[in-house]
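The primary structure of each chain is shown beneath.
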Amino acid sequence: MKIAIDAMGGDNAPKAIVEGAMKAVTLFKDIEITLYGRETLIKEHLSNPERITIVHTDTVIEATDEPVRAVRRKKDASMVLMANAVKEGQADACISAGNTGALMTAGLFIVGRIDGIERPALSPTLPTTQGQGFLMLDVGANVDAKPEHLQQYAIMGSIYAKKVRGLANPRIGLLNVGTEDKKGNELTKAAFQLLKESDLNFIGNVEARDLLDGVADVVVTDGFTGNVALKTVEGTALSVFKMLKSALTSNMKSKLAAAVLKPQLKEIKGKMDYSEYGGAGLFGLKAPVIKAHGSSDPNAVYNAIRQAREMVNNDVCKTIQQTIEKTNSVRGLERR
């Protein structure tokens, strides 16, 4: 299996990218990795070149670049070369911690969308208090959505939860302003009916306050609402840990208490660590495209590689294609 990685994307590139790649090839003997980026900078951190190849380029898509223009004009950028490797069959999956909009553009216009998928979805796995995590889609690939898009998100999320996370019958929830069946706007009301009539394990509407309690295994929503929810969860988690740190270091007595509670605090932090779940998958494309967090450390990069590997090994994209074909065929017959 071959995985292409943008070595120049993210706040800690290329060091974190290279170290994460080295960890992955050490633990997974069935993968080969190609790193795209500035060769001299990559080699500074590459102590184990086994099954790791470098493709040199000086061009990088920056975080401040306008996504579509950058992908079109910077043909030799590390992210664009990475996506082209997948398109041309030189790689089975690709990963970048760089410009999110540019990666979505490269994924859509270079890797390509699965036939029948109307809108791809950006889909991270977020932590829960129980530690098992839940998949949310969409969190920003499409600000506006139609009911049919949310149904497709649910199908893709269910397939991923089954094949990668090993859940036999994943619970699908629709993010809404209340749990009652008739709640929401026109979008959620129509999406609710589609999901209720599907053969998915749809548990109904779920509220944002219950997400981190693990109310569902897959949560679907439009990209605008999903992005707001995602940023709220991230910001709240960071603020809580900042407040805890401040409170536990305010005086000698609290510092002693912190020393006693250190193992428990470390366990809580580990449960809420997004990096353990990999990156956000851009679901609905012909091959796995993973968006690693911009601040990814080597462990987060390693987990993104693990995630891509599992998606390839479990034929996630092919299964999505087959399921969508069947769903669209049934819908076409019903409309006749």
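Here the structure is a predicted model, which means the values were calculated and not measured. Residue positions within a chain follow its written sequence, with the count starting from 1. It should be noted that, the model being predicted, local features are given only for residues of pLDDT at least 70 and side-chain atom pairs only at 80 or more, the latter also being counted only at that level, while totals for whole chains, interfaces and linings use all residues. Hydrogens and waters are ignored; side-chain quantities use all the structure's heavy atoms.

1. Some thoughts on a nonpolar patch on the surface
Alright, step 1. Here, patches come from residues exposed beyond 30% relative accessible area and free of salt bridges, joined within 9 Å for like charges and within 5 Å for nonpolar side chains (Val, Leu, Ile, Met, Phe, Trp, Tyr). The method behind every accessible area is Shrake-Rupley, applied with a 1.4 Å probe, and residues are considered shielded solely by the protein chains displayed. One speaks of a salt bridge when a side-chain nitrogen belonging to Lys or Arg is within 4 Å of a carboxyl oxygen belonging to Asp or Glu. A grouping of Val143, Phe224 and Val228 is seen on the molecular surface, where their side chains present a nonpolar patch of about 280 Å² in accessible area.
Alright, step 2. Secondary structure elements are taken from DSSP: a helix is a run of H or I of four residues or more, a strand is a run of E of two residues or more, and numbering for both begins at the N terminus. Inspection of the secondary structure assignment puts Phe224 in helix H8 (residues 223-248).

2. Focus on the packing of aromatic side chains
Alright, step 1. Here a pair means two rings of Phe, Tyr or Trp (six-membered ring of Trp) with centres within 6.5 Å. Their orientation is stacked below 30 degrees between planes, edge-to-face above 60, and tilted elsewhere. Tallied over the entire structure, the rule returns three aromatic pairs.
Alright, step 2. On the numbers, 5.8 Å between centres and 10° between planes, the contact of Phe28 with Tyr302 is stacked. Linking Phe28 in the loop between helix H1 (15-27) and strand S2 (32-37) with Tyr302 in helix H10 (residues 298-313), this pair joins segments that are 274 residues apart in sequence. Comparing Phe28 with Tyr302 shows no difference in burial state: the two are buried.
Alright, step 3. Ring centres of Tyr160 and Phe283 lie 5.0 Å apart, and the angle between their planes is 40°; this geometry places the pair in the tilted category. Taken as a pair, Tyr160 in helix H6 (residues 147-163) and Phe283 in strand S11 (residues 280-283) lie far apart in primary sequence, 123 residues in all.
Alright, step 4. Exposed residues in this analysis have more than 50% of their type's maximum accessible area, buried residues have under 20%, and partly exposed residues fall in between, with area computed by a 1.4 Å probe over protein chains only. What makes Tyr160 buried here is its relative accessible area of 3%.
Alright, step 5. Judged by its relative accessible area of 2%, Phe283 falls in the buried class.

3. Some points on the nonpolar core
Alright, step 1. Within this scheme, the nonpolar core is defined by two criteria: the residues are buried Ala, Val, Leu, Ile, Met, Phe, Trp, Tyr or Cys, and they are joined through side-chain atoms within 4.5 Å. Of all hydrophobic cores here, the largest spans 59 residues; its most connected members are Ile33, Leu35, Ile95 and Ile305.
Alright, step 2. Element by element, the count of residues in this core is highest for H6, at eight residues.
Alright, step 3. What marks off one domain from the next here is an automatic or database domain assignment. Shared between two domains, this core holds at least three residues of each, these being domain 1 (1-116 + 283-316) and domain 2 (119-270).
Alright, step 4. For this analysis, residues touch if any pair of their heavy atoms sits within 4.5 Å. When residues no more than four places from it in sequence are discounted, the contact partners of Ile95 are Ile3, Ala4, Ile5, Asp6, Met82, Ile290, Ala292, Ala304, Ile305 and Ala308.
Alright, step 5. Membership of the second largest hydrophobic core comes to 37 residues, among which are Ala85, Ala102, Leu122 and Ala280.

4. Brief notes about the domain arrangement of the protein chain
Size of an interface: often given as the accessible area lost when the parts come together.
Alright, step 1. Looking at the assigned domains, one finds that the protein chain contains domain 1 (1-116 + 283-316) and domain 2 (119-270).
Alright, step 2. Between the C-alpha centres of domain 1 and domain 2 the distance comes to 25 Å.
Alright, step 3. With 16 residues of domain 1 at the contact, the number on the domain 2 side is 15 residues.
Alright, step 4. The buried area of a pairing is the accessible area, by a 1.4 Å probe, that goes missing from both parts when the two are put together, added over both. Carbon and sulfur atoms make up 65% of the surface buried where domain 1 meets domain 2, a total of about 1200 Å² over both sides.
Alright, step 5. The largest per-residue losses of area from domain 1 upon contact with domain 2 belong to Met104, Phe283 and Val316, which jointly make up 47% of the total buried on that side.

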